[in-house]
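Listed here are the chains, written in short residue letters.
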Amino acid sequence: GAGGCCGDQDSAAAAAVAAAVDVVIGNVAWLEECGVQLSAAVRQKKAQLEGGGASVVLAAVGGDVAALLAVADAVKPEARAVLAALQQRGMQCWMITGDSRRAALVLAAQLGIPKSHVVAEALPARKLEIVQQLKAGTAGSSSSSSGSSSCCKGGAGLPASSSRSSSGKGGRSSSSSRAS
């Protein structure tokens, strides 16, 4: 009836029409797996948003991209100084994130984390694996799930006794290990 979410349409009929619409929300890999083709313009806009440090979630309706949602972390004012102090004490700081590589590198640059210490597009199990490798000092032996670089290059030989790790807001894992 009138006053419902779909105006004058019957609620049951509106619900049936809404249920018939194919909606897919997620990252590029998920949309492509679901058969959604991304235009060059969508890819360009996604790259632009990621270049500003945002992670991008896409929404497709009926097989066409309808929206790009940009989500960005706000860097706390003291974060760069804290990481620099840790690095001055011989700690290696890593960023292990599910965010896109482009967005992760922008954030890492703001924080003073070297590119070689950024692992992006990592699922939770991969994050745990990398933190465990960093703690065990065996981190230089495997590659990133995104295939863009060695996962923990330069991390081999870190003593497990001086490693610390934590899971940050937004699903990021960070690990700091004292170099010998």
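Source: prediction; values computed, not measured.

Enquirer: Hey, could you go over the pairing of strand E3 (residues 64-72) for me, with residue numbers and the actual values?
Expert: The sheet contact formed by strand E2 (residues 54-61) and E3 spans eight bridges and is antiparallel. Bridge pairing links Leu58 to Leu68 in E3. Hairpin connection from E2 to E3: two residues lie between these consecutive antiparallel strands, with Gly62 at a positive phi of about 60 degrees.

Enquirer: So what's going on with a nonpolar patch on the surface? Residues and values would help.
Expert: A cluster of nonpolar side chains, Val21, Val23, Ile25 and Val61, forms an exposed patch at the surface whose accessible area comes to about 320 Å². Here Val23 is to be found in strand E1 (residues 23-26). Look at Val23 and you get partly exposed, because its relative accessible area is 47%.

Enquirer: Describe the confidence of the model for the protein, listing the residues and the values that go with them.
Expert: For the protein, mean pLDDT is 76; residues scoring 70 or higher make up 66% of the total. Element-level pLDDT for the protein is lowest in strand E6 (residues 163-167), with a mean of 34, against a maximum mean of 96 in strand E5 (residues 118-119). A low-confidence stretch, residues 1-6 (pLDDT under 50), is modelled with seven contacts involving residues beyond four sequence positions or located in other chains. Low pLDDT, under 50, characterises residues 141-180; the predicted model gives this stretch 118 contacts beyond four residues in sequence or across chains.

Enquirer: Can you break down the nonpolar core residue by residue, with the values?
Expert: Among soluble globular proteins, nonpolar side chains are generally buried collectively. Formed by Leu83, Cys93, Met95, Ala104, Leu107, Ala108, Leu111, Ile113, Val118 and Ala120, the largest nonpolar core amounts to 10 residues. Contributing elements (two or more residues each) for this core: strand E4 (91-96) and helix H5 (101-111). Examining the composition of this core, we find that four residues originate from one element, H5, more than from any other.

Enquirer: Could you give an account of the sheet that holds E3, naming the residues involved and the relevant values?
Expert: The three strands are arranged E1-E2-E3 in an open sheet whose pairing can be described as antiparallel. Edge positions in the sheet fall to E1 and E3, since each has one partner strand and no second. Averaged over all pairs of adjacent strands, the angle between strand axes in this sheet comes to 15 degrees, irrespective of strand direction. Inspection of the sheet shows E1 paired to E2 by four bridges, in the antiparallel sense. Following the sheet pairing, Val23 is matched in E2 by Val61. Along the sheet face, helix H3 (residues 40-51) touches E2 and E3 and points at about 150 degrees away from the line of E2.

Enquirer: Outline the side chain of Glu50, supporting the account with residue identities and numerical values.
Expert: Looking at the element boundaries, Glu50 is found in helix H3. For Glu50, the side chain forms a polar contact with the side chain of Arg102, separated by 2.7 Å. Each residue touching Glu50, except ones within four places of it in the same chain, is listed here: Val56, Ser100, Arg102, Ala103 and Val106.

Enquirer: An account of the pattern of salt bridges is requested, with residue identities and associated values reported.
Expert: Two side chains that carry opposite charge are able to pair once their charged atoms sit near each other. All chains considered together, the criterion is met by four salt bridges. A salt bridge links Glu32 to Arg43; its shortest N-O distance comes to 2.4 Å. Here Glu32 is found in helix H2 (residues 28-33), whereas its partner Arg43 is found in helix H3, with 11 residues between them in sequence. A salt bridge links Arg102 to Glu50; the nearest nitrogen and oxygen atoms lie 2.7 Å apart. One end of the pair, Arg102, is in helix H5; the other, Glu50, is in helix H3, with 52 residues separating them in the sequence. The class for Glu50 is buried, based on a relative accessible area of 3%. Here the salt bridges do not stand alone but share partners, grouping Lys46, Glu50 and Arg102 into one network.

How each quantity is defined
- Residues numbered from 1 in each chain as written.
- Predicted model: local features only at pLDDT ≥ 70, side-chain atom pairs only at ≥ 80, totals over all residues.
- Heavy atoms only, no water.
- Pairing = 2+ DSSP bridges.
- Helix = DSSP H or I, 4+ residues; strand = E, 2+ residues; numbered from the N terminus.
- Patch = residues over 30% accessible without salt bridge, like charges linked within 9 Å, V, L, I, M, F, W, Y side chains within 5 Å.
- Areas by Shrake-Rupley, 256 points an atom, 1.4 Å probe, with all protein chains shown as cover.
- Salt bridge = Lys/Arg side-chain N within 4 Å of Asp/Glu carboxyl O.
- Buried < 20%, exposed > 50% of the residue type's maximum accessible area, 1.4 Å probe, protein only.
- pLDDT = per-residue confidence, 0-100.
- Contact = heavy atoms within 4.5 Å.
- Core = buried A, V, L, I, M, F, W, Y, C linked by side-chain atoms within 4.5 Å.
- Axes fitted to C-alpha atoms, helices over the stretch in contact; angles between N-to-C directions.
- Polar contact = N/O pair within 3.5 Å; in protein donor to acceptor, adjacent residues only side chain to side chain.

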